[in-house]
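A structural walkthrough
Here is how the chains run, residue by residue.
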Amino acid sequence: MLRKILFLGLLLILGISLYSNPNFKTILTGIAILLFGMVMLEEGFKVFTKGPLQDILKKATNKLYKSITAGALVTALIQSSSLVSVITISFISAGLISLGGGLGLIFGANIGTTATAWLVAGFGLKIKISALAMPMLVFGVVFSFRKEVTLKGIGNVLAGLGFFFLGIHFMKEGFDVFKDYIDLSDYAISGFLGVIVYTGLGILITTILQSSSATLALILTALAAGQIEYENALALAIGANVGTTITAVLGSLGSNSAGRRLALAHFIFNIITGLTAIALIFPLARLVNNLSDLLSIAADNYTIKLAIFHTIFNVLGVILMIPFIKSL
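Let us look at the structure shown here.

1. Topic: the side chain of threonine 215
Among the structural elements, threonine 215 can be located in helix H11 (residues 212-224). On the accessibility criterion, threonine 215 (0% relative accessible area) is buried. In this structure the side chain of threonine 215 is engaged in a polar contact, spanning 3.0 Å, whose partner is the side chain of threonine 206. Not counting chain neighbours up to four residues away, the residues in contact with threonine 215 comprise Gly202, Ile205, Thr206, Leu209 and Ala240.

Structure follows, in structure tokens:
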């Protein structure tokens, strides 16, 4: 009953937002298109989960370094740590891989999800992304109408990427116009209070969107438009990482005890990683600044700096948790 009430309340808020401000409409349309693209990506790659992808994940879990690498590469490729988490839970439930191997895949998935930040920051915000999206959509739709399962899967992947890029385009357009009417950066909160508030906001947004990649794309486009402060964006990224565990927990509800154990371990891992990143956010931000100077990245190129920060704290979390895999 509570979930139904919350869902109806969310629909009501969305309706009011769409009606009251046309700029909200552009941003929310971008989010919807991006999420639809990610759903199509997942659907496309599900075609390959019983073939090459399944073989890769099964063979790559006998050693920890191999399972972490496989988790990172597969997640970077399919742009969905949630899909990797759900596949891993199903493999463990079926007894195909061990809990330790599954944990390695989950750890790797957390590193692989940073590819979204690099894709959006280094590529998606630098060129006219809609021009790239259209050919992908055209070829994707053509392939998706084919009867061959493999071609249909490739079509869904191409269309998914096209919608993903098109969603980023709409979000960026919306934020660029939005700043002429209201500047969200006026609501910036500095210091540790801001870190706590914006981390909580990142968790909330990711829980609603059910995708840390979508949340990161939203953060990066808002940051590129100057709608949020860099310091608050770092906290939002931490919150996005913690919020993504909700998907894994929901995905484990129908699995056996082994699957639920993996989901709980994933939850513990992300919570500890998030708390570590919160505690070290200012030293890590300084480290990012030093690395940016070393790599000749402009001081005001906050989107790339956020991608660096997101990568560092995810890798740091994995390094910290590796010694505790047996305990988990």
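That was the structure; now back to the text.
2. Thoughts on unusual backbone geometry
Peptide bonds are, in most cases, trans, and in most cases residues other than glycine have a negative phi. Even without glycine at this site, serine 296 takes up a positive phi of about 60°. Counting through the fold element by element, serine 296 comes out in the loop between helix H15 (281-294) and helix H16 (302-321).

3. Quick notes on a nonpolar patch on the surface
Nonpolar side chains collect at one region of the surface, where Leu264, Phe267, Ile268 and Ile272 lie side by side and expose about 310 Å² of accessible area between them. Considering the arrangement of structural elements, one finds leucine 264 in helix H14 (residues 257-279).

4. Considering the nonpolar core
Counting 49 residues, the largest nonpolar core has Leu34, Leu306 and Phe309 as its most contacted members. The leading source of residues in this core is H11, at 8 residues. Beyond its immediate stretch of four places on either side in the chain, phenylalanine 309 contacts Leu234, Ile238, Ile281, Leu284 and Val288. Core analysis: the second largest hydrophobic core is formed by 19 residues, Ile68, Ile87, Ile92 and Phe269 among them.

5. Quick word on H15
An ideal rise of 1.5 Å per residue puts 20 Å on 14 residues; H15 measures up with 20 Å between its terminal C-alpha atoms. Turning to H15, its buried residues are Ile281, Leu284, Ala285, Val288 and Ser292. When H15 is viewed along its axis, its buried side chains cluster within an angular range of 105° and face the same direction. Residues of H15 that are exposed and point over 90 degrees away from its buried face: Asn290, Asp293 and Leu294. Following H15 by one or two positions, serine 296 adopts a phi angle in the positive range, close to 60°.

Calculation rules
Sequence order as written defines the numbering, with residues in each chain counted from 1. This being a predicted model, a pLDDT of at least 70 is required before a residue's local features are given, and a value of 80 or more before pairs of side-chain atoms are given or counted; all residues contribute to the totals for chains, interfaces and linings. Values shown for side chains rest on all heavy atoms present in the structure; no hydrogens or waters enter the calculation. Every helix listed is a DSSP run of H or I at least four residues long, and every strand listed is a run of E at least two residues long, numbered separately from the N terminus. Each residue's exposure class comes from its accessible area (1.4 Å probe, protein chains only) as a fraction of the maximum for that residue type: buried when under 20%, exposed when over 50%, partly exposed otherwise. Here a polar contact means two N or O atoms within 3.5 Å. Within protein one must be a hydrogen donor candidate and the other an acceptor candidate, and residues neighboring in sequence count only if both atoms are side-chain atoms. Contacts are assigned to residue pairs with any non-hydrogen atoms lying within 4.5 Å of each other. Each patch is built from residues lacking any salt bridge and having more than 30% relative accessible area; the joining distance is 9 Å for like charges and 5 Å for nonpolar side chains (Val, Leu, Ile, Met, Phe, Trp, Tyr). Calculation of accessible area relied on Shrake-Rupley with a 1.4 Å probe; when residues are assessed, cover is drawn exclusively from the protein chains displayed. Salt bridges are counted wherever a side-chain nitrogen of Lys or Arg sits within 4 Å of a carboxyl oxygen of Asp or Glu. Definition used in this section: a nonpolar core is a set of buried Ala, Val, Leu, Ile, Met, Phe, Trp, Tyr and Cys residues joined via side-chain atoms within 4.5 Å. What a helix should span is 1.5 Å times the count of its residues minus one. What the arc covers is the set of directions going from the helix axis to the C-beta atoms.

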